[in-house]
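Observations on the three-dimensional arrangement
One letter stands for each residue in the lines below.
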Amino acid sequence: MQGPSQLEATFALHLRCALLPEPVRELRFDPSRRWRFDFAWPDHRLAVEVEGGTWCGGRHTRAAGFEADCEKYNAATLQGWRVLRVTGPMVRDGRALRLVEGALQRRA
């Protein structure tokens, strides 16, 4: 497993600065698969996936990676998870943080 990306580190800092509940990092949500969420709040059944490389042909935008992501996110949805997918620009300009704030408030 790779360490956290710079985008994930930035997002984690944003979450801490906003005083939001601490997420579980790299939560394995499906015991039969090796799938993990980048950030998860299990009590809220909320997960965030930081999608890097969206503007440079990264793994998430190539056919095989996109297909695998669809399988993962659909399985998570069927298990009752809400999965927010965010990009680098969304992390950097605060939109990702606002999405999480809104999602956590709706379930509070």
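These notes cover the structure that comes with them. (Residues numbered from 1 in each chain as written. Predicted model: local features only at pLDDT ≥ 70, side-chain atom pairs only at ≥ 80, totals over all residues. Heavy atoms only, no water.)

What follows deals with the packing of aromatic side chains. Applying the stated criterion across every chain, the model contains four aromatic pairs. When the ring of Phe 11 is compared with that of Phe 39, the centres are 4.9 Å apart and the planes differ by 85 degrees; the resulting orientation is edge-to-face. One end of the pair, Phe 11, is in helix α1 (residues 6-17); the other, Phe 39, is in strand β2 (residues 36-41), and 28 residues separate them in sequence. The class for Phe 39 is buried, based on a relative accessible area of 0%. By way of ring pairs, the aromatic residues Phe 29, Trp 35, Phe 37 and Trp 81 are connected into one cluster. (Phe/Tyr/Trp six-rings, centres within 6.5 Å; stacked < 30°, edge-to-face > 60°. Helix = DSSP H or I, 4+ residues; strand = E, 2+ residues; numbered from the N terminus. Buried < 20%, exposed > 50% of the residue type's maximum accessible area, 1.4 Å probe, protein only.)

Take the sheet that holds strand β3 (residues 46-51) next. Read across the open sheet, the four strands follow the order β1-β2-β3-β4; overall the sheet is mixed. Whereas interior strands pair on both sides, the edge strands pair on one side only; in this sheet they are β1 (24-28) and β4 (82-87). Averaged over neighbouring strand pairs, the angle between their axes works out to 40 degrees when direction is ignored. As paired elements, β3 and β4 share six bridges and run parallel to each other. Looking across to β4, one finds that Leu 46 is bridged to Arg 82. Most of the contacts of α1 go to β2, to which it runs at about 5 degrees, and overall it touches β1, β2 and β3. (Pairing = 2+ DSSP bridges. Axes fitted to C-alpha atoms, helices over the stretch in contact; angles between N-to-C directions. Contact = heavy atoms within 4.5 Å.)

We now examine the nonpolar core. Looking at soluble globular proteins, one finds that nonpolar side chains tend to be buried together. Formed by 19 residues in total, the largest nonpolar core has its most connected members in Phe 11, Leu 15, Phe 39, Trp 41, Val 48, Val 50 and Val 100. Of all elements in the fold, only α1, β2, β3, β4, α3 (88-93) and α4 (95-106) reach the threshold of two or more residues within this core. Sequence-distant contacts of Phe 39, that is, excluding residues within four places in its chain, are made with Glu 8, Phe 11, Ala 12, Leu 15, Pro 23, Val 24, Arg 25, Leu 46, Ala 47, Val 48 and Val 50. In this structure, Trp 35, Phe 37, Ala 47 and Ala 76 belong to the second largest nonpolar core, which totals nine residues. (Core = buried A, V, L, I, M, F, W, Y, C linked by side-chain atoms within 4.5 Å.)

With that settled, consider the pattern of salt bridges. Within this structure, the stated rule accounts for five salt bridges. Taking the shortest distance from any N to any O, the salt bridge between Glu 71 and Arg 33 comes out at 2.9 Å. Taken as a pair, Glu 71 in helix α2 (residues 63-78) and Arg 33 in the loop between β1 and β2 lie far apart in primary sequence, 38 residues in all. The partner of Arg 85 in a salt bridge is Glu 51, and the shortest N-O contact between them spans 2.9 Å. Placement of the pair is Arg 85 in strand β4 and Glu 51 in strand β3, with a sequence separation of 34 residues. (Salt bridge = Lys/Arg side-chain N within 4 Å of Asp/Glu carboxyl O.)

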